[in-house]
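# Secondary and tertiary structure notes
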Amino acid sequence: MILITGGAWQGKLHYGCEITGYGKDDFTDGASCGSEDIFSARGVYHFHEYLRRRLKEDGNLDGNGLVNRLVRENPDLIVITNELGCGVVPADPFDRAWRELTGRVCTGLASFSREVHRVVCGLGTLLKGEGPAQLLLLRHGKTAGNLEGRYVGSTDEELCSQGIRELREKNLPPVQAWFSSPMKRCLQTVKLLAAGEETEGSPLIVEDFRETDFGEFEYKNFRELSGDPRYQEWIDSKGQLPFPGGEGTGAFRERSCRAFEETAERILSEGWRRTGLVVHGGTIMSVMERFAGNGGDFYSWHVGNGEGYRIRLCPESWRQKRIFAGFERMDKGGL
């Protein structure tokens, strides 16, 4: 659960979308929703208005009971509420009771919440928690085949001297654990990037992060494939056809995303705040197409060797909707 509080018209809903990756449609309006809606909603804004309506319906509303039920039935809820504790004490008895109820309920929710934020003028201050987990999703360094524009899939080649030199020049933040494809070029990349770091497993190998098998196209480049009608047919399909004698594109993307989901779940369960994943270009494109949430197609997520994305993973929105809280492109120089 995440609790976001602050004054009226301070941009709390927009801020809630920014830190979770949710859209405004993922939040129900507490000023008008049904009394049971918040127990299944992804998020609720105007929560203070929800409490006002409930108190009007039941003057003896049990605030502690409401907190306990929310915690039990909807622990991933994002709660956005106005701060009511400041200013002149209301003369109206009902308004005083409403303000007290809101304060007590939000205090209870804050105690349970993984994060508590206060927003002023659209700027949030983290009062409790550590913010989203950070994942570095990186493509391995260059190989000889990459330099020659070859389709390097199942070929288990090592990094070339240029790739090694470029990786040594990168400046990345330290991480707590590295995950890697089992292929040599990825394992070597981790070794270079993690030099001197003490990390869990060093690295933890994920078999299904391996690159696709390009079949009859394996380790060939477009010059060598020019004139092959099967290659032209594959090009005309915009890469949607299976590789002749190789792995189907749909199967590859599914296993890549499934492997990422399992890895993300482990990262969250272990409580790691900063992790690095070294994989292949196709793996990155599959993951970003599925989970980035901005509608980009597979090829729009292409990155060069040694490049990738820094991903923010919010446990609540990841569990509820399988989306990233946010991401940033990382260039060859690091951050």
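Provided above is the structure to which this section pertains.
Here the structure is a predicted model, which is why all the values come from computation and not from measurement.

What follows is about the side chain of Arg139. Within the secondary structure layout, Arg139 lies in strand S7 (residues 133–139). Lacking a salt bridge, the buried Arg139 has Glu211 as its closest oppositely charged neighbour, with an N-O distance of 6.2 Å. Those residues in contact with Arg139 that lie beyond four places of it in its chain are Asn146, Val279, His280, Gly281, Ile284, His302, Val303, Gly304, Asn305, Gly306 and Glu307.

Here we come to the nonpolar core. Counting 30 residues, the largest nonpolar core has Leu135, Leu137, Phe179, Phe260, Leu277, Met288 and Phe324 as the members making the most contacts within it. Counting only elements with at least two residues in this core, the list comes to S7, strand S8 (177–180), helix H10 (249–270), strand S10 (274–279), helix H11 (281–291) and strand S11 (308–313).

This brings us to the packing of aromatic side chains. Here the structure, examined in full by the defined rule, presents 22 aromatic pairs. Relative to Phe327, the ring of Tyr309 lies with its centre 6.2 Å away and its plane at 80 degrees, an arrangement referred to as edge-to-face. Linking Tyr309 in strand S11 with Phe327 in strand S12 (residues 326–330), this pair joins segments that are 18 residues apart in sequence. With a relative accessible area of 3%, Tyr309 lands in the buried category. Through a chain of ring-to-ring contacts, the aromatic side chains of Tyr151, Phe214, Phe217, Tyr231, Trp234 and Phe243 assemble into a single cluster. One cation-aromatic arrangement involves Arg52 over Trp98; the distance from NZ or CZ to the ring centre is 4.5 Å. Here the basic side chain of Arg69 rests over the ring of Phe39, its NZ or CZ set 3.6 Å away from the ring centre.

Turning to the packing of helix H3 (residues 63–73) against helix H4 (residues 93–112), a few remarks are in order. Two elements in contact, H3 and H4, have axes whose closest approach is 9 Å; the angle formed by their N-to-C orientations is 30 degrees. Viewed along their axes, H3 and H4 form a crossing whose handedness is right-handed. Contacts between H3 and H4 involve Gly63, Val67, Leu70 and Val71 from the first element and Leu101, Val105, Gly108, Leu109 and Phe112 from the second. Taken together, the residues of the contact of H3 with H4 sort by class into seven nonpolar, two polar and no charged.

Residue Cys121 is not a glycine yet carries a positive backbone phi of 50 degrees. As for its position among the elements, Cys121 is in the loop between strand S5 (115–120) and strand S6 (123–128). Assessed through its relative accessible area of 64%, Cys121 is described here as exposed. Even without being glycine, Arg322 reaches a positive phi, approximately 55 degrees. Checked against the element boundaries, Arg322 lands in the loop between helix H12 (315–321) and S12.

What follows deals with the sheet that holds strand S1 (residues 2–6). Overall, mixed pairing links the six strands, which are arranged S2-S3-S4-S1-S5-S6 in an open sheet. Bordering the open sheet on either side are strand S2 (27–29) and S6, each of which pairs with just one other strand. Looking at each pair of strands side by side, their axes are set apart by 25 degrees on average, direction ignored. As defined by bridge partners, strand S3 (residues 43–45) adjoins strand S4 (residues 78–82) across two bridges and the pair is classed as parallel. Following the sheet pairing, Val44 is matched in S4 by Val79. Lying on the sheet, helix H2 (residues 47–57) is in contact with S3 and S4; it crosses S4 at an angle near 80 degrees.

In this section: the environment of Asn171. Among the structural elements, Asn171 can be located in the loop between helix H6 (161–168) and S8. Considered as a pair, Asn171 and Gln134 are 37 residues apart in the sequence and their alpha carbons are 16 Å apart.

What counts and how
Residues numbered from 1 in each chain as written. Predicted model: local features only at pLDDT ≥ 70, side-chain atom pairs only at ≥ 80, totals over all residues. Heavy atoms only, no water. Helix = DSSP H or I, 4+ residues; strand = E, 2+ residues; numbered from the N terminus. Buried < 20%, exposed > 50% of the residue type's maximum accessible area, 1.4 Å probe, protein only. Lys, Arg positive; Asp, Glu negative; His and termini not counted. Salt bridge = Lys/Arg side-chain N within 4 Å of Asp/Glu carboxyl O. Contact = heavy atoms within 4.5 Å. Core = buried A, V, L, I, M, F, W, Y, C linked by side-chain atoms within 4.5 Å. Phe/Tyr/Trp six-rings, centres within 6.5 Å; stacked < 30°, edge-to-face > 60°. Lys NZ or Arg CZ within 6 Å of the ring centre and 35° of its normal. Axes fitted to C-alpha atoms, helices over the stretch in contact; angles between N-to-C directions. Left-handed = near helix turned anticlockwise from the far one by under 90°. Nonpolar A, V, L, I, M, F, W, Y, C, P; charged D, E, K, R; others polar. Pairing = 2+ DSSP bridges.

Without other data, these values stay purely geometric and don't point to any function.
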